[in-house]
Amino acid sequence: MNRLYNAGEISIDRDEALRYLGYKNNDAPDEKVTALMDMCEKKLLAAVNGKFVFRVFNIKSIGCDRVSLENCSFELMGMDICRHLKDCSKVVLLTATAGAETDKLIRAAQASDMAEAVVTDAMASCAVEAVCNRAEEVVREEFADMYMTWRFSPGYGDMPIELQKRFTEVTNSGRMIGVCADENSLLTPKKSVTAVIGLSDKPIGRAKQSCACCNMRDRCAFRKSGARCAD
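Residues numbered from 1 in each chain as written. Predicted model: local features only at pLDDT ≥ 70, side-chain atom pairs only at ≥ 80, totals over all residues. Heavy atoms only, no water.

Colleague: Just checking my understanding: could you explain helix α5 (residues 114–142) for this structure?
Modeller: Since the α-helix turns once every 3.6 residues, residues separated by three or four places project in the same direction. Compared with an ideal rise of 1.5 Å per residue, which puts 29 residues at 42 Å, α5 spans 42 Å between its outermost C-alpha atoms and is within 8% of the ideal. Near the N-terminus of α5, the side chain that reaches the backbone nitrogen of alanine 115, with its oxygen 3.0 Å away, is that of aspartate 113. (Helix = DSSP H or I, 4+ residues; strand = E, 2+ residues; numbered from the N terminus. Expected span 1.5 Å × (residues − 1). Polar contact = N/O pair within 3.5 Å; in protein donor to acceptor, adjacent residues only side chain to side chain.)

Colleague: Looking at this structure, I do not really get the side chain of threonine 194. What am I missing?
Modeller: Relative to the helices and strands, threonine 194 resides in strand β9 (residues 192–200). Residue threonine 194 is classed as buried on the basis of its relative accessible area of 2%. Polar side-chain contacts of threonine 194 include one of 2.4 Å to the side chain of glutamine 164. Setting aside its immediate chain neighbours within four residues, threonine 194 contacts Leu94, Thr95, Ser153, Pro154, Gln164, Phe167, Thr168 and Leu187. (Buried < 20%, exposed > 50% of the residue type's maximum accessible area, 1.4 Å probe, protein only. Contact = heavy atoms within 4.5 Å.)

Colleague: Just to check I follow, could you spell out the environment of alanine 195 for this structure?
Modeller: With respect to the helices, strands and loops of the structure, alanine 195 is situated in strand β9. Owing to a relative accessible area of 0%, alanine 195 belongs among the buried residues under this scheme. Placed 31 residues apart in sequence, alanine 195 and glutamine 164 show a C-alpha to C-alpha distance of 9.4 Å. Discounting residues that sit within four places of it in the chain, alanine 195 has contacts with Val92, Leu93, Leu94, Arg151, Phe152, Ser153 and Phe167.

Colleague: Can you walk me through helix α6 (residues 163–171) in this structure?
Modeller: Buried residues of α6: Leu163, Gln164, Phe167, Thr168, Val170 and Thr171, and no others. Taken end-on, α6 shows its buried residues confined to a sector of 160°, consistent with a single buried face. Positive phi shows up at asparagine 172, right after α6, with a value of about 55°. (Arc of directions from axis to C-beta.)

Colleague: Explain the confidence of the model for the chain to me, please; I cannot follow it from the model alone.
Modeller: The predicted coordinates of low-pLDDT regions are not to be read in fine detail. Scored by pLDDT, the chain has a mean of 90; 88% of the residues are at 70 or more. Counting contacts from residues 208–231, a segment whose pLDDT is below 50, to residues more than four positions away or on other chains yields 37 contacts. (pLDDT = per-residue confidence, 0-100.)

Colleague: Is there a simple way to think about the nonpolar core in this case?
Modeller: In a soluble, globular protein the nonpolar side chains are often hidden away together inside. If you look at the biggest cluster of nonpolar residues, it comprises 37 residues, and the most contacted ones within it are Leu44, Phe52, Phe54, Leu94, Met123, Val139 and Leu199. Breaking this core down by element, the ones donating at least two residues are α1 (14–20), α2 (31–47), β2 (51–62), β5 (90–97), α4 (100–112), α5 and β9. In this structure methionine 123 touches Ile12, Arg14, Ala17, Met37, Cys40, Glu41 and Leu44, once residues within four positions along its chain are discounted. Leu69, Cys72, Phe74 and Ile204 belong to the second-largest nonpolar core, a separate cluster that totals 22 residues. (Core = buried A, V, L, I, M, F, W, Y, C linked by side-chain atoms within 4.5 Å.)

Colleague: Looking at this model, I keep getting lost on the environment of isoleucine 106. Mind explaining?
Modeller: Mapped onto the secondary structure, isoleucine 106 falls in helix α4. Put simply, isoleucine 106 and threonine 120 are 14 residues apart on the chain and 6.2 Å apart in space, counted from C-alpha to C-alpha. If we skip the residues at most four places from it in the chain, isoleucine 106 touches Ala117, Thr120, Asp121, Ala124 and Lys191.

Colleague: What exactly am I supposed to notice about the environment of proline 203 here?
Modeller: If you trace the backbone, proline 203 turns up in the loop between β9 and α8 (221–224). A residue is classified by how much of its surface remains accessible, and proline 203, at 56% relative accessible area, is exposed. Between the C-alpha atoms of proline 203 and methionine 148, which are 55 residues apart in sequence, the distance is 8.4 Å.

Colleague: Before we go on, may I ask you to explain the pattern of salt bridges in this structure?
Modeller: If charged atoms from side chains of opposite charge come close, those side chains can pair. Throughout the structure, instances matching the rule amount to 18 salt bridges. Lysine 191 is the partner of aspartate 121 in a salt bridge, and the nearest nitrogen-oxygen pair spans 3.2 Å. Placement of aspartate 121 in helix α5 and of lysine 191 in the loop between β8 (187–188) and β9 is noted, with a sequence separation of 70 residues between them. Under the relative-accessibility criterion, lysine 191 is labelled buried at 7%. Close ionic contact of glutamate 136 with arginine 140 constitutes a salt bridge, the shortest N to O distance being 3.8 Å. Residue glutamate 136 and its partner arginine 140 are located together in helix α5, separated by four residues, close to a single helical turn. On the basis of relative accessible area, glutamate 136 is assigned to the buried category, the value being 13%. (Salt bridge = Lys/Arg side-chain N within 4 Å of Asp/Glu carboxyl O.)

In structure tokens:
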């Protein structure tokens, strides 16, 4: 069964937004940038309509490069997702979004002020991350007797980005929260996320998210600046 939730009031992680903007840990924005962030944050929080939907499946089998789910023809592909779920008995398929109005706000800024657009885009990425964090809280509450993995999304490691379209169909996110995948497997609204969370009856090794298996590693702004998105 699909489960739809409103994320409710969220907050923007300003430190994370600065990282998206290229600031390193010891860097601080000047007064002009701080004022711009204040303005963008106010507009963004008025526009965000965070929602998420998820479905929970029992895992039928885990091979070397695919995970089969009970009562579902959709399979999770890739050796990395198999390793990620190796100790799990259930899987959560999650789709989350900051909402269409967030995308409209970014496009409006792009047409009038690119500095505002860049800051708004960075903060909007933090907004959808906050929606995903809220979704994790709900999953943790509903499955309090189980252990959770961190979120693993199509396009990460060798899990094909092309799974996004089928992913949105399985979660019925188009009808429920307005999130679809286009012909290039990109999500609309742009500030949306699909992710897999594994659930296990026993403690799960706390493996870190790794740059080595990230499909963005060759063009990642964090790595170029000497940082990591998972720090």
